[in-house]
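Each chain, letter by letter, is given below.
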Amino acid sequence: MTAQQPDYPRGSAPARLPLHSPRCMGCGPDNPAGLRMRAFRDGDEVNADVVFDEHHVGAPGLAHGGAVAAACDDLLGFALFVAETAAVTRSLSIEYLAPVPLHETHRITARIQAQDARRLNIAATGAGPDGTVRFTAEAVFIVVSLQHFLRHGDPDGVWRLLDRLTDGNADEALRTAAELPEHPQPGTEEGGWSS
Ligand SMILES: CCCCCCCCCCCC(=O)SCCNC(=O)CCNC(=O)[C@H](O)C(C)(C)COP(=O)(O)OP(=O)(O)OC[C@H]1O[C@@H](n2cnc3c(N)ncnc32)[C@H](O)[C@@H]1OP(=O)(O)O
């Protein structure tokens, strides 16, 4: 069975956030073993529903702790849309408060707790269908510029993501990014998504 994430199920629809990539393990719809999370921004919070399935099993019938951590990491990454900066996970800590059964919808909600220079503290909670929190996450993300992803990752994939984020202006954004350091200071011109 493959995880099929529902459309946003509650209340008025907050803004859907763009995929990290079509094959992203957290949010990519084209990754058959992925979590296929659909992330939304609701004010200063981001959230996504996740349904763990046989691709993510640990103990029989239960989600693997690593899969839970992956779901948290991906959603914490979406909180960067609130901070309007690119950053990467430096540390991630999970509290597994209760077993996480397969095939149940878990709502993960994340929020930025603090920002100090290049450090962002981001926290998340994951609740089961009855609202009981089954896991929490705390992470430190470190601000980087686009150079980080161009230098260490797949430049074509970065271009495609940037093209979606800039409404088709990836070439211009990358020309600007080429002038900038890999490790910018947030709050400066080079510290945002447009870098
Ligand atoms: C196109 C867009 C796509 C955007 C796409 C976004 C996708 C998100 C997907 C989900 C998230 C992921 O999976 S991200 C993938 C997993 N993570 C990674 O691959 C990151 C790998 N690590 C690295 O590349 C590096 O370690 C960095 C960039 C994180 C840091 O490198 P660095 O800059 O050389 O490191 P360093 O000087 O030691 O640390 C920088 C500052 O942070 C502080 N610092 C370091 N660690 C900690 C810590 N645990 N807690 C507090 N503070 C810390 C240091 O004291 C320092 O402060 P000060 O002295 O400056 O004050």
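Residues numbered from 1 in each chain as written. Predicted model: local features only at pLDDT ≥ 70, side-chain atom pairs only at ≥ 80, totals over all residues. Heavy atoms only, no water.

Regarding the sheet that holds strand S6 (residues 119–127)
Sheet strands pair by backbone hydrogen bonding; their relative direction is either parallel or antiparallel. Judged by pairing direction, the sheet is antiparallel, and its seven strands sit side by side in the order S1-S2-S3-S5-S6-S7-S4 without closing on themselves. The open sheet terminates on both sides in strands that have one partner only, identified here as strand S1 (15–16) and strand S4 (87–96). Where S4 lies against strand S7 (residues 133–143), nine bridges are found, and the strand directions are antiparallel. Counted as the bridge partner of Tyr96 is Phe135 from S7. (Pairing = 2+ DSSP bridges. Helix = DSSP H or I, 4+ residues; strand = E, 2+ residues; numbered from the N terminus.)

What to know about the packing of aromatic side chains
Scanning the entire structure with this criterion turns up one aromatic pair. With 6.1 Å between their ring centres and 20 degrees between their planes, Phe78 and Phe81 make a pair best called stacked. Like Phe78, the residue Phe81 is buried in the burial classification. (Phe/Tyr/Trp six-rings, centres within 6.5 Å; stacked < 30°, edge-to-face > 60°. Buried < 20%, exposed > 50% of the residue type's maximum accessible area, 1.4 Å probe, protein only.)

Things to note about the side chain of His106
By the secondary structure assignment, His106 is in strand S5 (residues 105–116). Owing to a relative accessible area of 0%, His106 belongs among the buried residues under this scheme. Within polar-contact distance, the side chain of His106 engages the side chain of Arg134 at 2.8 Å. Once residues within four sequence positions are removed from consideration, His106 is found in contact with Ala48, Asp49, Val50, Val100, Pro101, Ala127, Gly128, Arg134 and Phe135. (Polar contact = N/O pair within 3.5 Å; in protein donor to acceptor, adjacent residues only side chain to side chain. Contact = heavy atoms within 4.5 Å.)

Quick word on the nonpolar core
Within the largest apolar cluster, 39 residues are counted, with the highest numbers of intra-cluster contacts made by Phe52 and Leu75. Residue assignment for this core shows that the elements contributing at least two residues are strand S3 (45–51), helix H1 (65–78), helix H2 (80–83), S4, S5, S6 and S7. Broken down by element, this core gets its largest block of residues, nine residues, from H1. (Core = buried A, V, L, I, M, F, W, Y, C linked by side-chain atoms within 4.5 Å.)

What about the UniProt feature "domain: Thioesterase" (unreviewed entry) in the protein?
The positions that UniProt labels "domain: Thioesterase" (unreviewed entry) are, in the present scheme, residues 61–121. Its end C-alpha atoms 32 Å apart, residues 61–121 is made of 30% helix and 41% strand. (UniProt positions renumbered as here; feature names shortened; annotations may be inferred.)

So, the environment of Asp49
The residue Asp49 is located in strand S3 in this model. Since its relative accessible area comes to 7%, Asp49 is described here as buried. Reaching out from Asp49, the side chain makes a polar contact with the side chain of Arg107 at a distance of 2.4 Å.

A word on the domain arrangement of the protein
Interface extent is often summarised as the accessible area lost during association of the parts. On domain assignment, one finds that the protein holds domain 1 (15–142) and domain 2 (146–183). Here the C-alpha centroids of domain 1 and domain 2 sit 24 Å apart. Contacts between the two partners involve nine residues from domain 1, matched on the other side by six residues from domain 2. Taking both partners together, domain 1 and domain 2 bury about 580 Å²; carbon and sulfur atoms supply 67% of that area. Viewed at the interface, domain 2 and domain 1 are joined by zero salt bridges. At the boundary of domain 1 with domain 2, the tally comes to one residue pair in polar contact (both at pLDDT 80 or more). Tallied by class, residues from the side of domain 1 that touches domain 2 come to six nonpolar, two polar and one charged. (Domains from an automatic or database assignment. Buried area = accessible area lost by both parts, 1.4 Å probe. Salt bridge = Lys/Arg side-chain N within 4 Å of Asp/Glu carboxyl O. Nonpolar A, V, L, I, M, F, W, Y, C, P; charged D, E, K, R; others polar.)

Observations concerning the pattern of salt bridges
Throughout the structure, instances matching the rule amount to four salt bridges. For Asp49, the salt bridge identified is with Arg107, shortest N-O distance 2.4 Å. With Asp49 in strand S3 and Arg107 in strand S5, this residue pair connects regions lying 58 residues apart in the sequence. Comparing Asp49 with Arg107, the two get one shared label, buried.

Quick word on the pairing of S6
Looking at chain direction, S5 and S6 are connected through nine bridges and run antiparallel. Bridge assignment links Ile108 to a residue of S6, and that residue is Gly126. Of the strand pairs in this sheet, S6 and S7 are connected by nine bridges, and their pairing is antiparallel. Residue pairing in the sheet places Asn121 in a bridge with Val140 of S7.

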